[in-house]
Every structure is written in structure tokens, then in C-alpha cells.
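# Observations on chain architecture
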Amino acid sequence: GTAPTQYGRVMLKISGEALMGNQGFGLHPPTVARIANEVDSVAKMGVEVCMVIGGGNIFRGLQGSAQGMERTTADYMGMLATVMNALAMQSALEALGHHCRVISAIRMDEVCEPYIRRRAIRHLEKKRIVIFAAGTGNPYFTTDTAATLRANEMNCEVIFKGTKVDGVYDKDPNKFPDAKRYGDVSYDEVLQKHLGVMDASAIALARDNKLPIIVFSLDEPGGFRTILEGRGTYTRVH
Ligand code: UDP
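Right, let's walk through the structure included here.

Right, let's talk about the sheet that holds strand β2 (residues 48–53) for a bit. Strand order in the open sheet formed by nine strands is β4-β3-β5-β2-β1-β6-β8-β9-β7, with mixed pairing between adjacent strands. Every other strand in the sheet has two partners, leaving β4 (113–114) and β7 (184–185) as the edge strands with one partner each. Here five bridges tie strand β6 (residues 158–163) to strand β8 (residues 213–217), and the two strands are oriented parallel to one another. Residue pairing in the sheet places I159 in a bridge with I213 of β8. Helix α1 (residues 29–43) contacts β1 (9–14), β2 and β5 (129–133) of the sheet and is inclined by roughly 155 degrees relative to β2.

With that out of the way, let us pick up the site of the ligand. The full set close to the ligand counts 20 residues, and G16, D75, T136, N138 and T143 are the nearest of them. Here an oxygen atom of the ligand sits 2.8 Å away from a polar atom, N or O, in the side chain of R60. One of the side-chain nitrogen or oxygen atoms of T143 is found 2.5 Å away from an oxygen atom of the ligand. Burial of the ligand by the protein amounts to 92% of the accessible area it has alone, namely 520 Å². The residue inventory of the shell around the ligand, partitioned by class, reads five nonpolar, twelve polar and three charged.

Running from amino to carboxyl end, α1 crosses helix α3 (residues 71–95) at an angle of 60 degrees, the nearest separation of the two axes being 9 Å. Comparing the axis directions of α1 and α3 gives the class oblique. Relative to α3, the crossing made by α1 is right-handed. Residue-level contacts link V32, A33, I35, A36, V39 and D40 of α1 to A88, M89, A92 and L93 of α3. In terms of residue class, the contact of α1 with α3 is made up of nine nonpolar, no polar and one charged.

Procedures and definitions
- Residues numbered from 1 in each chain as written.
- Predicted model: local features only at pLDDT ≥ 70, side-chain atom pairs only at ≥ 80, totals over all residues.
- Heavy atoms only, no water.
- Pairing = 2+ DSSP bridges.
- Helix = DSSP H or I, 4+ residues; strand = E, 2+ residues; numbered from the N terminus.
- Contact = heavy atoms within 4.5 Å.
- Axes fitted to C-alpha atoms, helices over the stretch in contact; angles between N-to-C directions.
- Near = heavy atom within 4 Å.
- Polar contact = N/O pair within 3.5 Å; in protein donor to acceptor, adjacent residues only side chain to side chain.
- Areas by Shrake-Rupley, 256 points an atom, 1.4 Å probe, with all protein chains shown as cover.
- Nonpolar A, V, L, I, M, F, W, Y, C, P; charged D, E, K, R; others polar.
- Parallel < 35°, antiparallel > 145°, perpendicular 65-115°, else oblique.
- Left-handed = near helix turned anticlockwise from the far one by under 90°.

Written out as C-alpha cells, the structure is:
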């Protein structure tokens, strides 16, 4: 069924770790399927959905460089990890009957499409779910920045950042029972207080283009749709 929503086109950013379930590493297929269901329920509302998935469940550039690997090489490995995650999500979404395209910032034509802005927009207009892979294609960036960049390029109205908690807190709610959740918070406050929403370059890019970020819990079943319908608990960074 469909419910009213104010949104026409949105970006969903999730970390790679969101796909690993209770494992310490890699992909947990039932968890991938569960998140695909969350996306499915929103796409069924007629909302055009872009996705960016991180790669931290497989490889992070900083981790590689800490182990002595050259930083840019390690970052390219991280970007490749995001392609694997994107393919897993594409497969799960296709299993639900959705048309879905993986678009990579690094060309690998046998595996997925290259990034061509107008083509990506056309996919969205045709209600295909578009997963942007390989981050920005540049080392020293993160998939948070990639999500913000693509959200701007695709004219998304908002970025939904799915996390393990239902918003942005003044301190870690898993460690401090008196942690307070923000309902609304400004980009500048997030930057000044180092609130863990996204990295600073992603926040600045969102701020400069007035793109709101909604932080919500992906662990709540039906959570994504609830938030899109304007219900539930979340933090709006704007
Ligand atoms: N990465 C990069 N450029 C980008 C996006 C990602 O170099 O534009 C690399 C970087 O090494 C990063 C890794 O890919 O550590 C995985 O991305 P990220 O850490 O953002 O994943 P997440 O924490 O969201 O799972």
C-alpha cells in the first residue's frame, strides 16, 4: 500500500557495518535482506531512492595505512569494498522485484555502470533504486561525503543516515544513561561539538547546500518508512 510522504527523492546512507549483522566482518545475508526490505517499503510509497553503502565491514583505508600500506592504495581497497556491498544490496533488492542499478565512481563496466549524472537521474525517474558505489572515486574521502555529494547532484531533498541509534546524542547513549537526544541540531553545532553524525567534510558539504540530514535507527523494523512518514524518533540536522 502507499501512504503520503513529503519526499519525492531521498538519499539513504548506511555504513558497511550495518550489513554485517552480529558477525565481526563481512556480509550477513539475512541482514542485507532485512535492510533491502526497509528500502522496499519506502520505494513502494513512490519515493525515488538513492543509496550509498560504506565499506567498513570489509576494509577501511585508514586501517590499511595504519598497517603500513600506502594510504591511497588502501583507500582504493576501501572503495572496492563498497562495490561488493552495493552488489549484495542490488541482489537483495532484485530478489524483492525491484529494478536496481549499481553506479560506480570507478569504472568497472563488466560489473556495474559508470557514473553519468543524467543517466543516474533517468534511472530514478523510472523508479529504479540507484546505489552509488566506490565512494567519490577519490582517496582521502569517505562514503559520508560521497552520499552528500551524490544527494546534491541527484537533487535529493534529504539524506537519511541509518545508524544503530535513533538520532544524535550529546554523548554516547550506550555508555551514558543520561545522554540526551537532539530533536533538531544545526550543522555548525554538529561541527563545533564533534557530534558523531558524519565526518566534517560531509557536514560542511550538506550545510553549504542546505541539505538536511535525518539520523535514525535502522535497527527498528519498519523504521525507515516510519521516519519517511514523519513519525518516530530521529534527529534532524539542518
Ligand atoms: N573511501 C575513499 N573515498 C571515498 C569513499 C570511501 O577512499 O570517496 C575509502 C576509505 O578508505 C574508507 C573506505 O573506502 O575507509 C570505506 O568507506 P567508509 O569508511 O566511508 O565506510 P563506512 O564507515 O560507512 O562503512
